[in-house]
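Chain residues, written in single-letter form:
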Amino acid sequence: MLELRLVQGSLLKKVLEAIKDLVNDANFDCSATGFSLQAMDSSHVALVALLLRSEGFEHYRCDRNLSMGMNLNNMAKMLRCAGNDDIITLKADDGSDTVTFMFESPTQDKISDFEMKLMDIDSEHLGIPEAEYHAIVRMPSAEFARICKDLSSIGDTVVISVTKEGVKFSTRGDIGAANIVCRQNTTVDKPEEATVIEMNEPVSLTFALRYMNSFTKATPLSNTVTISLSSELPVVVEYKIAEMGYVRFYLAPKIEEDEDDAKPE
Amino acid sequence: MLELRLVQGSLLKKVLEAIKDLVNDANFDCSATGFSLQAMDSSHVALVALLLRSEGFEHYRCDRNLSMGMNLNNMAKMLRCAGNDDIITLKADDGSDTVTFMFESPTQDKISDFEMKLMDIDSEHLGIPEAEYHAIVRMPSAEFARICKDLSSIGDTVVISVTKEGVKFSTRGDIGAANIVCRQNTTVDKPEEATVIEMNEPVSLTFALRYMNSFTKATPLSNTVTISLSSELPVVVEYKIAEMGYVRFYLAPKIEEDEDDAKPE
Amino acid sequence: MLELRLVQGSLLKKVLEAIKDLVNDANFDCSATGFSLQAMDSSHVALVALLLRSEGFEHYRCDRNLSMGMNLNNMAKMLRCAGNDDIITLKADDGSDTVTFMFESPTQDKISDFEMKLMDIDSEHLGIPEAEYHAIVRMPSAEFARICKDLSSIGDTVVISVTKEGVKFSTRGDIGAANIVCRQNTTVDKPEEATVIEMNEPVSLTFALRYMNSFTKATPLSNTVTISLSSELPVVVEYKIAEMGYVRFYLAPKIEEDEDDAKPE
């Protein structure tokens, strides 16, 4: 039997809004350590990894490891019926082909249960090794989202270049070219407004803006985003979920003959 | 001659927004007692009844009973041109084929008059007898609107079941099933947040969510909604208009072989 | 070389939003006195004139007169990437076929530069003589925008009639007729809420609402709008830009056999 009670139910609502456009169907894996998901996006280009650790739940009962195949759009539809202050409990009986989401209003005057059919989904779990990155940028998540959106009005790809001084986002399109530089800045009043760069060596990589914009749907989950870059590895765009875990997006860089030229062929 | 001056003109704006999607053309009836309307929706399934009592108007002159046929969409277009704080005066000369809406801004610096052509509409006034209901639920109107909207993302019909403990709204669709229970709750700080159930006998009835969602367009008119249910009668969904009257919606329950199954055939 | 630094960059953003739907491509003219534009709308009915005086810029360097052809939609796309509090600097090298917009965030932590290709645009500069008008109406810009929008739901043209007492906006359409009268009102607390009428002789002129609604896209630029009317001249709808200049729209009145009848044929 599975019973996971999450007092801050809005977190689960935000997780689904963050990943449902990227992934159609996926297996949620429950074990003693937590509630997790790993899935490729529908065009098999990007990878999403979610972890909600068991300690973050008010009540976490998972008698045996369970993999539940869900349609994320349907799951998002149901979670949208939860109030932002509701407690959400996820329940499944052993061997059942359904999962139940229970929503309790803060006053306990309104109790909803939504039952959803589970699906059989073939999936293989990729081992993602811990890696060394050439550069790690931590910056306000809203700023990163704004930059990806702004550059999309000019071009299709973004070159992310990191130096000790800052991170530069560049694009080029039919109507012109754009460069946005965010300087390292650690002396702000609020730590979540800082832009912090850890760099072993300079790096400059090109990515499809379409995916970056998809990843920024996770912005409501966290005030900051961490972008880990290495020339031989997919970029990792990570949104931490307070005291519980993370949503991570992985995307391989585009290989281009002239990396300074972000213009799509 | 007819001259009705309504200081809180926004009420009339909200009334039109509440009913214009349900009813295309209708007769407004003016008499010494008030300004009223009774009309079937365009698919002849639901009935709308509006009453604005003469006492609620600052000035109410109606020399003889008058029935004025109006296109509600056109009337709504004109009323949308009134400011929310405007005083609205409705004027018609005897025998005229037009009605005039006059809007006065609170400072009297802006005076508008909108003249609309009247229509000849055949209609028969149904006598709606006062009836005994098995159960009457009074609840926050925004909560009821939210529930109808939420359930619409799962199914097409709603089963409303009342017991002494509370009222349950259920639906079922391709992606799963949902139950939302609102408990009786009379010990809230603000009376408009209470959920109050008067019950003579338990009742469980099925309705089309499409109509329920239409009715909730009246939500801005009142903080609370009253739902009166009886197994032999149409449900009445009533929004009181402060000190003036009401908008009431009537809808016959769906007869289904298995009433617990809200899934549409 | 051209370098124009505008601390209140949001002004330039608002200017582009005000005119980009009316004009596709236009030459911006830079001289020692300021940054200006004059262009017909794409259907050659209305004229737009913009002036931003050099004194309004923090830094204004214009070595020689320059005319830069720009696609206003593309320019608006780039300016939308500037934050509302950003400083905007416009730069062009002599003989270059590009212009660069630089955006600096208030904290200087984010610096963007957007480079746009210039175009060759044939245009002739019309001399607009200073003229005497029969009537000049100054009123709150939001009020004027609301009136144009409201009347558009009834008819296609507006008759603007000025008398000493006030200004009347009238229209007529299939569903009825509307008159909105704004009274002269100079005794308000805030001068920008006044409606002030300077009149030499009464005037009543008919205009296409489609264009008036386009002009009101400039509403965010100024709290007040000035409408100058004369029976032999195009109307001038002017939005002042604080301490810098203006955006002016010119539109010829419609000649109709019966000017009181605003109904389109």
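- Chain A appears in an unreviewed UniProt entry as DNA sliding clamp PCNA from Rhamnella rubrinervis.
- The record held by UniProt for chain A lists under Sequence similarities (unreviewed entry) the comment "Belongs to the PCNA family."
- As its UniProt record puts it under Subcellular location (unreviewed entry), chain A is described as follows: "Nucleus".

### Points about the overall build of chain A
Piece 1. Counting its secondary structure elements, chain A contains four helices and 18 strands.
Piece 2. Over its C-alpha trace chain A gives a radius of gyration of 20 Å, about what one expects of a compact globule, namely 18 Å for 265 residues.
Piece 3. Counting over 265 residues, chain A shows a buried share of 56%.
Piece 4. Of the contacts formed within chain A by residues at least 6 apart in sequence, a portion of 64% connects residues at least 24 apart.
Piece 5. Of note, chain A has its 26 positive side-chain charges centred 5 Å away from the centre of its 43 negative side-chain charges.

### Describing a nonpolar patch on the surface
Piece 1. Together, A:M40, A:L126 and A:I128 make up an exposed nonpolar region whose accessible area comes to about 210 Å².
Piece 2. Mapped onto the fold, A:M40 is located in strand 3 (residues 34-40).

### Some thoughts on the relation of the copies chain A and chain C
Piece 1. Aligned on chain C, chain A shows an RMSD of 0.0 Å; the corresponding rotation is 120° and the shift along the axis is 0.0 Å. The operation mapping one copy onto its partner corresponds to a three-fold rotation axis. Relative to the rotation axis, the C-alpha of A:P220 is the closest in chain A, positioned 17 Å from it.

### Some remarks on helix 2 (residues 72-79) of chain C
Piece 1. In terms of residue burial, helix 2 of chain C counts as a mostly covered element, since six of its eight residues are buried.
Piece 2. Residues of helix 2 of chain C that are buried include every one of C:L72, C:N74, C:M75, C:A76, C:M78 and C:L79, and no others.

### Overview of the packing of aromatic side chains
How two aromatic rings sit relative to each other is set out by the distance from centre to centre and by the angle between their planes.
Residues and elements named next belong to chain C.
Piece 1. For the structure shown, the criterion picks out 18 aromatic pairs over all chains.
Piece 2. Centroid distance Y239 to F249: 6.3 Å. Interplanar angle 80°. Geometry classified as edge-to-face. Of this pair, Y239 sits in strand 17 (residues 235-241) while F249 sits in strand 18 (residues 245-251), placing them ten residues apart in sequence.
Piece 3. Residue classification places F249 among the buried residues on the basis of a relative accessible area of 0%.

### Description of the sheet that holds strand 7 (residues 87-92) of chain B
Piece 1. If you walk across this open sheet you meet the nine strands as 5(B)-1(B)-7(B)-8(B)-9(B)-13(C)-12(C)-11(C)-15(C), and the pairing is antiparallel. Since the sheet does not close on itself, it has two edges, and those belong to strand 5 (59-62) of chain B together with strand 15 (203-208) of chain C, each with one partner. For this sheet, the mean inter-axis angle between neighbouring strands, taken without regard to orientation, is 15°.
Piece 2. Sheet analysis places strand 1 (residues 2-6) of chain B next to strand 7 of chain B, joined by five bridges and oriented antiparallel. Within strand 7 of chain B, the residue paired with B:L4 across the bridge is B:L90.
Piece 3. Against the sheet, helix 3 (residues 141-152) of chain C touches strand 9 (110-117) of chain B together with strand 11 (157-162), strand 12 (166-173) and strand 13 (176-183) of chain C, its axis set at about 20° to strand 12 of chain C.

### Thoughts on helix 1 (residues 10-19) of chain B
Counting along an α-helix, one turn takes 3.6 residues, and residues three or four places apart therefore face a common direction.
Piece 1. Here helix 1 of chain B lies mainly inside the structure; eight of its ten residues are buried.
Piece 2. Along helix 1 of chain B, the positions that sit buried rather than exposed are B:S10, B:L11, B:L12, B:K13, B:V15, B:L16, B:A18 and B:I19.

Conventions and cut-offs
Residues numbered from 1 in each chain as written. Chains lettered and ligands numbered in written order. Predicted model: local features only at pLDDT ≥ 70, side-chain atom pairs only at ≥ 80, totals over all residues. Heavy atoms only, no water. UniProt positions renumbered as here; feature names shortened; annotations may be inferred. Helix = DSSP H or I, 4+ residues; strand = E, 2+ residues; numbered from the N terminus. Rg over C-alpha atoms; globule rule 2.2 N^0.38 Å. Buried < 20%, exposed > 50% of the residue type's maximum accessible area, 1.4 Å probe, protein only. Contact = heavy atoms within 4.5 Å. Lys, Arg positive; Asp, Glu negative; His and termini not counted. Charge placed at Lys NZ, Arg CZ, Asp CG, Glu CD. Patch = residues over 30% accessible without salt bridge, like charges linked within 9 Å, V, L, I, M, F, W, Y side chains within 5 Å. Areas by Shrake-Rupley, 256 points an atom, 1.4 Å probe, with all protein chains shown as cover. Salt bridge = Lys/Arg side-chain N within 4 Å of Asp/Glu carboxyl O. Least-squares fit on C-alpha atoms with pLDDT ≥ 70 in both. Phe/Tyr/Trp six-rings, centres within 6.5 Å; stacked < 30°, edge-to-face > 60°. Pairing = 2+ DSSP bridges. Axes fitted to C-alpha atoms, helices over the stretch in contact; angles between N-to-C directions.

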